[in-house]
Amino acid sequence: MRLFGRMVLGTIRDMAPVVVVVLFFHSIVLGQPVSRLFPLIEGTLLVLAGLVLLVYGLELALFPLGESLANALALRGSFVWLVLFAFLLGFGTTFAEPALTAVAAEAARAAASGGAIEHTPDALARYAFGLRFVVALAVGCALTLGVVRIVFGWPLPPLVIGGYVLVVALTLVAPPAVIGIAFDSGGVTTSVITVPLVTALGIGLASSLAGRNAMSDGFGTIALVLVMPMLFVMAYGTILSWI
Amino acid sequence: MDLIRELGSTLGWTAKDVLPVALFMLFVYCVVLRQKLARARNVIAGLSFVTVGLALLLLGVDKALFPAGRMMVEQLSPDNAHDAAAAPSWASFHLIYLFAFCITFAAAIAEPTLFAVAQRVNELSGGAINTWGLRIAAAAGVALGVTLGCMRVVAGVPLHWCLTAVFVIIAVQTITAPRVILPLAYDTGGVSTTVVTVPVVAALGLGLAELLPARNPLLDGFGMVAMACMVPAIVVLAYAQIAMLFEKRARRRRREPE
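Residues numbered from 1 in each chain as written. Chains lettered and ligands numbered in written order. Predicted model: local features only at pLDDT ≥ 70, side-chain atom pairs only at ≥ 80, totals over all residues.

## Some points on the overall build of chain A
Inclusion rule: Strands here are runs of E lasting at least two residues and helices are runs of H or I lasting at least four, both read from the DSSP assignment and numbered beginning at the N terminus. Residue burial here comes from a neighbour count, namely the number of other C-beta atoms, placed from the backbone, that lie within 10 Å of the residue's own C-beta, with 20 or more meaning buried, 12 or fewer meaning exposed, and in between meaning partly exposed. We call two residues in contact if the C-beta atoms placed from their backbones are at most 7 Å apart.
Assigned secondary structure in chain A consists of 10 helices and 0 strands. Order of helices (α) and strands (β) in chain A, N terminus to C terminus: α-α-α-α-α-α-α-α-α-α. Looking at chain A as a whole, 53% of its 243 residues are labelled buried. Considering only contacts in chain A between residues 6 or more positions apart, those separated by 24 or more positions represent 83%.

Shown next as C-alpha cells:
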C-alpha cells in the first residue's frame, strides 16, 4: 500500500510538466482565460489514473512474465522453440495492434489520393490488410533476429546501421506515397504491451545465457523492431509499384 | 453516464489488445514449457491493472491531450497561416515549434514504458545509469525530433532527407560512443514513443498539416512519429559521450595533480 501511494505521487509528478506546459502556453503566451481549460480536467484525471494502474501493472505482470518466460526458454535449451516463440509473439501482437490498424487505413487513403491504388472500398481494404500483414511479418522477423543475435552474441551496430543503409537505398526506388508510412510504421508498432515484453525477453535471455551481459546484449531488439518494418514496407511498396 | 459507457467500450478494446498476448504467453509458459507460474495472483492482478489502466489512459488522452494539442496548434499559428497567397515564412511559426518541443518533452517524461525501462536499466547497471538522466535525455530526443519534424512540414523539406541525415549522425556516433550503451541508445526511441507521446505527436502533425493550405494532411501527416523515434538515439549517445569525456578528464586530473 505504501508502494502504491509512492507510485501515485510519482505519477502526479510525472504528469505535472504536461499540465504546466499547457497552462503556460494557454494563459501566459496566449492570454486566454483558464476557464476554457476546464473541459480538459476530466481527461487529465483519467490519464493520471490510467498511468498509475499501467505502471503498477507493468512492474507486477509484464516484466516478470517476460523475464521468467525467457529464462524458462533458455533453460530448456530448445533453439527452435525460442525462435518460433519470438516470431509468433512479434507477428501476433503487431497484427492485432489497434494503432497499426488505424494507421494502415489512413495510409490506404493516402495511397488512393496519390493515385497509387483505386479509390474503392475493396481496394482500400486490401491495401490496408496487406500493409498490416507486411508490418506484422517485419516485427516477427525483427524479434527472431533479435533473439538469434542474443543467443549467438552477434554485435548489434552492424545490423542496425546496415538496416539504415538499406532503408535509405530503398527510398531511391520506392514510390513517394509509401515512404511516409514506411518510416512511421516502425514507431507505430512499439506499444505499451510490446515494449516491456520485448525488453524483458531480451534481458531475461541475456542474463540466463552464459557469457552474455544483460546491459550490452539484452537491449537492442526494439531497435530492430523500429528498422525492420521500414525496410519491409518500402520493399513491399516498391514491388507493388512494379507489378 | 456517458463516461461509463465510453469507458466500457474502451475497456473491451484494450482487453482485446492485452488478453491474446497474455494468454499466448501463459500458454507457452504453462503448457509448452510445463512451468508452474510463480506468484500467479500477482500476474493476474497486474494484467488486469494493465488492461484497466490502458483503457483509462486512452480515454483520457482522447479527452484531454489530443484536443489540447489541436487547440494550441490552431491558436499559436501566425494569423496568416491559412492564406496561401501571403505565404508566411517558416520562421513565423516559432511559437508552434516552442510549444511542440515543450509538450512532447513533457509527454515523453510521463511515458510509462520509458519510466519502467529506465528503472530496469538503473537496476541492471548497478546504478551507473541514472534513471532521470536517461529519461531526460530520451525525452529531449523525442522533443527535438518532433520539433524538427514540425519545421520540416512547414518548410516542405522531404521526409527522407531529414531521416537520412539522422541515420548518418547515428552511424558516426556509433563509431565513437561507448560500446555498452549502443543497444540501449538505439532502443530509447521506440521505448519513449508509446501511449502518451504518439497521440500528442499525431495531434501536432495533423493540426499542422490542416493549417497549411499547401500541405496534404494525408501525405504530410506522416513522418512525425519516425522523427520522434529516431532522434532520441542521437541525444542519448551524445549524453553518453559527454559523460565519458567528463569522466576521462576527471581521471586525467586525478592522475596529474597540479
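## Re the overall build of chain B
Along its length, chain B carries 10 helices and 0 strands. Counted from the first residue to the last, chain B has its helices and strands arranged as α-α-α-α-α-α-α-α-α-α. Projected onto its principal axes, the C-alpha positions of chain B cover 75 × 70 × 30 Å. Counting only residues that meet the buried cut, chain B has 51% of its 258 residues in that class. Long-range pairs, those at least 24 residues apart, make up 81% of the contacts in chain B between residues at least 6 apart in sequence.

## With respect to the packing of helix H2 (residues 41-76) of chain A against helix H2 (residues 40-76) of chain B
Basically, it comes down to this: As a rule, the C-alpha atoms of each element are fitted with a line to give its axis, helices using only the stretch in contact, and angles between N-to-C directions run from 0 to 180 degrees. In what follows, roughly perpendicular refers to angles from 65 to 115 degrees, roughly parallel to angles under 35, roughly antiparallel to angles over 145, and oblique to any angle outside these ranges. Each crossing gets its hand from how the near helix is turned against the far one by less than a right angle, where anticlockwise is left-handed and clockwise is right-handed. Asp, Glu, Lys and Arg are counted as charged, while Ala, Val, Leu, Ile, Met, Phe, Trp, Tyr, Cys and Pro are counted as nonpolar; the rest, among them Gly, fall into the polar class.
Taken N-terminus to C-terminus, the directions of H2(A) and H2(B) make an angle of 150°; their axes are 6 Å apart at the nearest point. By the criterion of interaxial angle, the relationship of H2(A) to H2(B) is roughly antiparallel. H2(A) and H2(B) meet at a crossing whose hand is left-handed. Across the contact of H2(A) with H2(B), the residue classes tally to 26 nonpolar, 8 polar and 2 charged.

## Description of the environment of B:Ala107
Mapped onto the elements of the fold, B:Ala107 is located in helix H3 (residues 94-110). As a C-alpha pair, B:Ala107 and B:Gln173 span 66 residues in sequence and 26 Å in three-dimensional space. Excluding anything up to four places from it in sequence, B:Ala107 contacts A:Val18, B:Val196, B:Thr197 and B:Val200.

## A few points about the domain arrangement of chain A
In plain terms, the rule: The domain boundaries here were taken from an automatic or database domain assignment.
If you check the domain split of chain A, you get domain 1 (1-60) and domain 2 (77-242). Between the C-alpha centres of domain 1 of chain A and domain 2 of chain A the distance comes to 32 Å.

## A short note on the interface of chain B and chain A
At the interface, 78 residues of chain B touch 76 residues of chain A. At the level of elements, helix H1 (2-32), H2, H3, helix H4 (112-124), helix H6 (159-176), helix H7 (182-191), helix H9 (217-220) and helix H10 (224-255) of chain B are the ones that each hand at least two residues to the side of chain B that touches chain A. Examining the composition of the side of chain B that touches chain A, we find that 23 residues originate from one element, H2(B), more than from any other. The residue inventory of the side of chain B that touches chain A, partitioned by class, reads 57 nonpolar, 16 polar and 5 charged.

## Remarks on the confidence of the model for chain A
Keep this limit in mind: For every residue, the predictor reports its confidence as pLDDT, a number between 0 and 100.
Of all residues in chain A, 98% have pLDDT values of 70 or greater, and the mean over the chain is 87. Per-element mean pLDDT across chain A ranges from 81 in helix H4 (residues 98-113) of chain A up to 93 in helix H6 (residues 156-173) of chain A.

## Side note on the nonpolar core
To keep it simple, the criterion reads: Note on terminology: a nonpolar core is any set of buried Ala, Val, Leu, Ile, Met, Phe, Trp, Tyr and Cys residues joined through C-beta atoms within 7 Å.
Formed by 184 residues in total, the largest nonpolar core has its most connected members in A:Val227, A:Met228, A:Val233, B:Val146 and B:Leu204. Setting aside chain neighbours within four positions, we find A:Met228 in contact with A:Ala138, A:Val139, A:Cys141, A:Ala142 and A:Gly163.

## Things to note about H6(B)
Within an α-helix, residues lying three or four positions from one another point in the same direction, as the helix has 3.6 residues per turn. All names here are of chain B. Our working rule: The span one expects for a helix is its residue count, reduced by one, times 1.5 Å. This arc is built from the directions going out from the helix axis to the C-beta atoms.
With 18 residues, H6 extends 27 Å between its outermost C-alpha atoms, agreeing within 8% with the 26 Å of an ideal straight helix rising 1.5 Å per residue. Looking only at H6, the buried set comprises Leu159, His160, Cys162, Leu163, Phe167 and Ile170. Seen from one end, H6 has its buried residues packed into an arc of 155°, which puts them on one side. In H6, those exposed residues whose orientation departs by more than 90 degrees from the buried face are Trp161, Ala165, Val168, Val172, Ile175 and Thr176.

## Focus: the packing of H6(A) against helix H10 (residues 221-242) of chain A
All names here are of chain A. At a minimum axis separation of 9 Å, H6 and H10 run at an interaxial angle of 25°. When the axis of H6 is compared with that of H10, the two are roughly parallel. For the pair H6 and H10, the sense of crossing is left-handed. Contact residues: H6 offers Leu159, Val160, Gly163, Tyr164, Leu166, Val167, Leu170, Thr171 and Val173, while H10 offers Ala223, Leu224, Val227, Met228, Met230, Leu231, Met234, Ala235 and Thr238. Its residues assigned to classes, the contact of H6 with H10 comprises 15 nonpolar, 3 polar and no charged.

## Looking at the environment of B:Gly221
Residues and elements named next belong to chain B. Its location among the elements puts glycine 221 in the loop between H9 and H10. The sequence separation of glycine 221 and leucine 204 amounts to 17 residues, and the corresponding C-alpha distance is 9.1 Å. Residues contacting glycine 221, with those up to four places away along its chain left out, are Gly205, Leu206 and Ala209.

## Let's talk about the confidence of the model for chain B
Residues and elements named next belong to chain B. Model confidence for chain B is summarised by a mean pLDDT of 85, while 91% of its residues fall at 70 or above. Across chain B, the element-wise mean pLDDT spans from 62 in H9 up to 94 in H7. Both scores are available for the predicted complex, with the pTM at 0.89 and the ipTM at 0.89.

## Quick notes on H1(B)
Here H1(B) is 31 residues long and its end C-alpha atoms lie 44 Å apart, about the 45 Å a rise of 1.5 Å per residue gives. Listing the buried residues of H1(B) in full gives B:Thr10, B:Thr14, B:Asp17, B:Val18, B:Val21, B:Ala22, B:Met25 and B:Tyr29. Structurally, H1(B) contributes buried residues whose contacts are with H2, helix H3 (79-95) and H4 of chain A together with H2 of chain B.

## What about the environment of B:Cys229?
Secondary-structure assignment places B:Cys229 in helix H10. Along the chain, B:Cys229 and B:Gly141 lie 88 residues apart, while their C-alpha atoms are 8.3 Å from each other.

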